[in-house]
Amino acid sequence: MDISSKTGIKEITSKYNIFPHKKWGQNFLMDKNILNKIANVSCLTSADHVIEIGPGLGALTREIANRSKGVLAIEIDPALQDVLQETLADINNSRLRMADVLKVNLEQELLDAFNLSKLDTYKVCANIPYNITTPIIFNLLEKCPNMKYAVLMIQKEVAARIKAQPGNKEYGLLTVMIKYYAEVEYLMDVSRNCFFPRPEVDSSVIKIIPHGANQFKLKNETGFKSLVRKAFQMRRKTMLNICSAEFGVEKEKIKRYLDILDIDYNKRPENLTIHNFISIAENWPAAMEESFD
Ligand code: SAM
């Protein structure tokens, strides 16, 4: 049975009496060519361990397994366990863990699944459930220090927000916060027609590469995150108003402060680079106090 075709998907889902669940974003890829492309752009080698989030029926898992040392597939839907046992039966380097990806320690799971004594870098490759895209990405970026990169299929509109440049209406909290942790490459678009059932949105595949050793080293990470959050909550306001609210001081002081940093206080957050946000958060209030010495 070819589970990367519509006929195969219908056959296996009816055999196990499975109905795709919307709440878990169950839209299965039914295009062999796209599955191949995703696995190929993930640049896997026989030395790589890979984590796949949401294997579904196992179509992408098979492609990953064929190109890697081993794949750990983490699936939430208990009804898919028997299906996956059948569809991955001939693949000896795949491991299945039935769990909510947001509730497990992924690196520990990888160690356990392959009985590893220590963790080298590994890759993530997945067609993820779109309703939990943001928590999945931040989990990977904040809790997976050994991850080399993640190749993820996500909703096209979300990919556009992640990749947006300052000055673009898509540019926002998600853009800046992901940029804080990683570089993002756009790899390809995938039409909604490649899925069964057909979703209401198109998709894009992106590659998220953590900065690693080049990570920004901030004195006040909490202050930076708080400023960025506030800025995009008030995205129609100028940085003058936003900083005044964030730091709780009158606007005259903020004008002087942003002048010292050479940042136009009439700008709106969507026009600031991540470096501007870092500069504002990291220098407060020392830069202003020093200017009066
Ligand atoms: N990889 C398959 C494919 O490409 O055809 C299925 C992808 S489907 C978009 C998303 C998969 O993620 C589904 O199998 C769904 O059950 C699973 N999933 C949803 N929420 C999850 C969670 N919190 N943890 C683990 N898997 C989850």
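Conventions adopted
- Residues numbered from 1 in each chain as written.
- Predicted model: local features only at pLDDT ≥ 70, side-chain atom pairs only at ≥ 80, totals over all residues.
- Heavy atoms only, no water.
- Near = heavy atom within 4 Å.
- Polar contact = N/O pair within 3.5 Å; in protein donor to acceptor, adjacent residues only side chain to side chain.
- Areas by Shrake-Rupley, 256 points an atom, 1.4 Å probe, with all protein chains shown as cover.
- 1 Å grid on protein atoms, 1.4 Å probe; cavity = no way out; pocket = protein on both sides within 12 Å on 5 of 7 lines; lining within 4 Å.
- Sits in = over half its atoms within 2 Å of the grid points.
- Helix = DSSP H or I, 4+ residues; strand = E, 2+ residues; numbered from the N terminus.
- Domains from an automatic or database assignment.
- Contact = heavy atoms within 4.5 Å.
- Buried area = accessible area lost by both parts, 1.4 Å probe.
- Salt bridge = Lys/Arg side-chain N within 4 Å of Asp/Glu carboxyl O.
- Nonpolar A, V, L, I, M, F, W, Y, C, P; charged D, E, K, R; others polar.
- Pairing = 2+ DSSP bridges.
- Axes fitted to C-alpha atoms, helices over the stretch in contact; angles between N-to-C directions.
- Phe/Tyr/Trp six-rings, centres within 6.5 Å; stacked < 30°, edge-to-face > 60°.
- Buried < 20%, exposed > 50% of the residue type's maximum accessible area, 1.4 Å probe, protein only.
- Lys NZ or Arg CZ within 6 Å of the ring centre and 35° of its normal.

1. Concerning the site of the ligand
Then, number 1: Among the 21 residues in the neighbourhood of the ligand, the closest are listed as L29, G54, E75, D100 and N127.
Then, number 2: Contact between the ligand and G56: an oxygen atom at 3.3 Å from a main-chain N or O atom of the residue.
Then, number 3: Interatomic distance of 2.8 Å between a side-chain N/O atom of N127 and an oxygen atom of the ligand.
Then, number 4: In isolation the ligand has 590 Å² of accessible area, and contact with the protein removes 97% of it.
Then, number 5: Counting atoms within 2 Å of the grid points, the majority share of the ligand lands in the largest pocket.
Then, number 6: At the level of secondary structure, the elements contributing two or more residues to the shell around the ligand comprise strand 1 (28–29) and strand 3 (70–75).

2. Topic: the domain arrangement of the chain
Size of an interface: often given as the accessible area lost when the parts come together.
Then, number 1: When cut into domains, the chain gives domain 1 (6–210) and domain 2 (221–291).
Then, number 2: One C-alpha centre belongs to domain 1, the other to domain 2, and the line joining them spans 37 Å.
Then, number 3: Listed as interface residues are 13 residues of domain 1 and, on the opposing side, 14 residues of domain 2.
Then, number 4: Summed over both sides, the interface between domain 1 and domain 2 buries roughly 1100 Å², with carbon and sulfur atoms accounting for 69% of that surface.
Then, number 5: Joining domain 1 to domain 2, the criterion identifies one salt bridge.
Then, number 6: K225 serves as the salt-bridge partner of E142, at 3.8 Å between the closest nitrogen and oxygen.
Then, number 7: Taken together, the connections running from domain 1 to domain 2 amount to five residue pairs in polar contact (both at pLDDT 80 or more).
Then, number 8: Split by residue class, the side of domain 1 that touches domain 2 holds seven nonpolar, three polar and three charged.

3. Describing the sheet that holds strand 9 (residues 203–210)
Then, number 1: Here we have seven strands laid out as an open sheet, ordered 4-3-2-5-6-9-7, and mixed in their pairing. The sheet is open, and its two borders are formed by strand 4 (94–98) and strand 7 (182–190), each paired with just one other strand. The average undirected angle you get between the axes of adjacent strands in this sheet is 20°.

4. Comments concerning the packing of aromatic side chains
Then, number 1: Per the stated rule, a full pass over the model turns up nine aromatic pairs.
Then, number 2: Consider the rings of F138 and Y181, whose centres lie 6.2 Å apart with planes at 70°: the pair is edge-to-face. Of this pair, F138 sits in helix 6 (residues 133–143) while Y181 sits in helix 8 (residues 173–181), and the two are 43 residues apart along the sequence.
Then, number 3: We classify F138 as buried; its relative accessible area is 16%.
Then, number 4: Ring geometry for Y257 and W284: centres 4.9 Å apart, planes at 80°, overall edge-to-face. Linking Y257 in helix 11 (residues 251–260) with W284 in the loop between helix 12 (274–283) and helix 13 (286–291), this pair joins segments that are 27 residues apart in sequence. Neither residue differs from the other here; Y257 and W284 are each classed as buried.
Then, number 5: Just above the ring of W24 sits the side chain of K23; from NZ or CZ to the centre is 4.3 Å.
Then, number 6: Here the basic side chain of K207 rests over the ring of Y149, its NZ or CZ set 4.0 Å away from the ring centre.

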